[in-house]
Amino acid sequence: MAKRNPTSGPKLFGFSLTHPLNLVLFFNIFVWALLMLEGGRGIITYFFGLNPSFVIEKKMYWQVFTYGFLHVVGGDFFSSLIHIGMNMFGLFTVGFWLCRYIGGWKFLSVYLLSQLGGGLFVLSFSYIGWKTGLVPENSIWDSYHTATVGASGGVFGVLAAFSLMFPEARFVFPPVRAKFAPWVLIGFGFSVDAYYLLQFHASGVMTQSFFGMMSNSGHLGGAVFGLFSLLGLQKFGGKTRTPIFVRRWEKPKENQERVIVRPKNLEDPFETQVRKNRELLSQLYGISDAKEKENILSPIQAENTNLCPPFDYNSDDMFCLRCEWLQNCELRKLKKDHPEL
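Residues numbered from 1 in each chain as written. Predicted model: local features only at pLDDT ≥ 70, side-chain atom pairs only at ≥ 80, totals over all residues. Heavy atoms only, no water.

Identification of the chain as Rhomboid family intramembrane serine protease from Leptospira andrefontaineae is taken from an unreviewed UniProt entry. Per UniProt, the chain carries the Subcellular location (unreviewed entry) text "Membrane". (UniProt positions renumbered as here; feature names shortened; annotations may be inferred.)

Written out as structure tokens, the structure is:
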């Protein structure tokens, strides 16, 4: 009897078309297309962009979440493309690796909670700024009476989660390690805002910068919620795979030059098998559906093998990674965890 193999279907960016990462990308692009067809009249933004005065005074509470699926349109096509393009590129760049290690649906949870956190921070900061008079009404900083849109709250949440999973990864921009990246970007944004706001209060002259148009409070809220949502998933949401890092440098002692620590066993005869097994495990960790994993593992089972006892199998153990029968143990473990297969 013929059966459909879901792994043979069309893919995008290494994932199936219905993978949560691709669904987020598709939905954001779909809403952006609707905004473009609307012609910049602002009807969708009026109802679904985050205008704190509408949330508090007109009780349009859904805006605290829906703002994250909207992006700025207006002017020529290229300028309309920049906002969504930057957000979606950032989301894919860090979201791809996050999905590989925590799975698609946990990634989606981090993203959506971060989007909500960004909206709550925008609402709180704008209300406080308006009530205290720190932010002049109807100025470029008045986010209480204007609409905030964009996926950057969710993107910063994913970036913060990435910085927790891959702390030693290095970014081209900003040129820092991942564990510092979200906070450097947020700190820089708030610094620019503070500088121009102080200039206005001192001189009364209103000036605007590119960074002044960004919702830094939304970035901060997204990053904070992204960090804590990943920590919560790691604690209560089942096992989350931890990336394996090889430290290139050992911390130098006082008055001592930095020394390179070279990996041992450079000529490991099992290197090819280890790499093959890690590629297989990386593919499996990016899939949340147990049946789909079974469809990958079943055709590559080794026959007539003498396997170790089930409790000896550990996918992080170098002995197991060197074994050419790892796929058999992985399938046996999968069926133990999912008796319905």
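1. Description of the side chain of Thr-148
Note that Thr-148 resides in the loop between helix 6 (104–132) and helix 7 (152–165). Leave out the neighbours within four places in its chain, and Thr-148 touches Gly-49, Leu-50, Tyr-67, Val-122 and Ser-215. (Helix = DSSP H or I, 4+ residues; strand = E, 2+ residues; numbered from the N terminus. Contact = heavy atoms within 4.5 Å.)

2. Focus on unusual backbone geometry
The omega torsion across Phe-173 and Pro-174 is -10°, close enough to zero to call that bond cis. In this structure, Pro-174 sits in the loop between helix 7 and helix 8 (181–203). The phi torsion at Lys-59 lies on the positive side, around 60°, for a residue other than glycine. Locating Lys-59 in the fold gives a position in the loop between helix 3 (52–57) and helix 4 (63–66).

3. Topic: the UniProt feature "transmembrane region" (unreviewed entry) in the chain
As annotated in UniProt, the feature "transmembrane region" (unreviewed entry) corresponds to residues 12–35, 77–98, 110–130, 150–173, 180–198 and 210–233 in the numbering used here. The annotated region residues 12–35 carries 67% helix and 12% strand content, and the separation between its end C-alpha atoms amounts to 24 Å. Helix makes up 100% of residues 110–130 and strand 0%, with an end-to-end C-alpha separation of 30 Å.

4. A word on the packing of helix 6 against helix 7
Contact pair helix 6 / helix 7: the axes reach a minimum separation of 7 Å and the direction vectors enclose 130°. By the angle between their directions, the pair helix 6 and helix 7 is classed as oblique. Classified by chirality, the crossing of helix 7 by helix 6 is right-handed. Here helix 6 contributes Phe-107, Val-110, Tyr-111, Ser-114 and Gln-115 to the contact with helix 7, which in turn contributes Gly-153, Gly-154, Val-155, Gly-157, Val-158 and Ala-161. (Axes fitted to C-alpha atoms, helices over the stretch in contact; angles between N-to-C directions. Parallel < 35°, antiparallel > 145°, perpendicular 65-115°, else oblique. Left-handed = near helix turned anticlockwise from the far one by under 90°.)

5. Describing helix 7
The terminal C-alpha atoms of helix 7 lie 20 Å apart, and with 14 residues this matches the ideal 20 Å at 1.5 Å per residue to within 8%. Counting buried residues in helix 7 gives 13 out of 14 residues, a clear majority hidden from the surface. (Expected span 1.5 Å × (residues − 1). Buried < 20%, exposed > 50% of the residue type's maximum accessible area, 1.4 Å probe, protein only.)

6. Looking at the pattern of salt bridges
Summed over the entire model, instances satisfying the criterion amount to five salt bridges. Lys-179 is the partner of Glu-168 in a salt bridge, and the nearest nitrogen-oxygen pair spans 3.3 Å. You can see Glu-168 sitting in the loop between helix 7 and helix 8 and its partner Lys-179 sitting in the loop between helix 7 and helix 8, a full 11 residues away along the chain. Between Arg-275 and Glu-271 there is a salt bridge; the shortest N-O distance is 3.8 Å. Taken together, the residues Arg-275 and Glu-271, both in helix 10 (residues 271–285) and four residues apart, mark about one turn of the helix. (Salt bridge = Lys/Arg side-chain N within 4 Å of Asp/Glu carboxyl O.)

7. Some words on the nonpolar core
Core analysis: the biggest nonpolar cluster contains 28 residues, and Leu-91, Leu-98, Ile-102, Phe-107 and Val-158 have the highest contact counts within it. Going through the elements one at a time, helix 1 (20–38), helix 5 (77–102), helix 6, helix 7 and helix 9 (216–236) are the ones with two or more residues in this core. Take this core: its biggest share by element is eight residues, from helix 5. Listed in part, the 16 residues of the second largest apolar core include Leu-284, Leu-326, Leu-331 and Leu-334. (Core = buried A, V, L, I, M, F, W, Y, C linked by side-chain atoms within 4.5 Å.)

8. Here we look at helix 13 (residues 326–337)
For helix 13, with 12 residues, the first-to-last C-alpha span of 16 Å sits near the 16 Å given by 1.5 Å per residue. Inspection of helix 13 places Leu-326, Gln-327, Asn-328, Cys-329, Glu-330, Leu-331 and Leu-334 among the buried residues, and these make up the whole buried set. In this fold, the buried residues of helix 13 make contact with helix 10, helix 11 (290–297) and helix 12 (318–321).

9. Focus: a nonpolar patch on the surface
The grouping of Ile-43, Tyr-46, Phe-47, Phe-48 and Trp-62 at the surface amounts to a nonpolar patch, some 490 Å² of accessible area in total. Within the secondary structure, Ile-43 is located in helix 2 (residues 43–48). (Patch = residues over 30% accessible without salt bridge, like charges linked within 9 Å, V, L, I, M, F, W, Y side chains within 5 Å. Areas by Shrake-Rupley, 256 points an atom, 1.4 Å probe, with all protein chains shown as cover.)

10. Some details on the packing of aromatic side chains
Counted according to the given criterion, the structure contains 19 aromatic pairs. Taken together, a centroid distance of 5.9 Å and an interplanar angle of 70° make the contact between Phe-162 and Phe-171 edge-to-face. According to the relative accessible area criterion, Phe-171 is partly exposed, its value standing at 21%. By way of ring pairs, the aromatic residues Phe-15, Phe-92, Phe-96 and Trp-97 are connected into one cluster. (Phe/Tyr/Trp six-rings, centres within 6.5 Å; stacked < 30°, edge-to-face > 60°.)

11. A short note on the confidence of the model for the chain
When pLDDT is averaged across the chain, the result is 83; 84% of the residues are at 70 or more. Element-level pLDDT for the chain is lowest in strand 1 (residues 11–12), with a mean of 76, against a maximum mean of 97 in helix 4. Per-residue pLDDT stays below 50 along residues 1–7; that stretch engages in five contacts with residues further than four places along the chain or on separate chains. In the model, residues 244–250 has pLDDT below 50 throughout and makes 14 contacts with residues more than four positions away in sequence or in other chains. (pLDDT = per-residue confidence, 0-100.)

12. Some thoughts on the packing of helix 5 against helix 7
Relative to each other, helix 5 and helix 7 sit at 40°, their axes nearing to 9 Å. The orientation of helix 5 with respect to helix 7, classified from their angle, is oblique. When you trace helix 5 past helix 7, the crossing you get is left-handed. Contacts between helix 5 and helix 7 involve Asn-87, Gly-90, Leu-91, Val-94, Gly-95, Trp-97, Leu-98, Tyr-101 and Ile-102 from the first element and Ser-152, Val-155, Val-158, Leu-159, Ala-161, Phe-162 and Met-165 from the second. When the residues that make up the contact of helix 5 with helix 7 are grouped by side-chain class, the tally is 12 nonpolar, four polar and no charged. (Nonpolar A, V, L, I, M, F, W, Y, C, P; charged D, E, K, R; others polar.)

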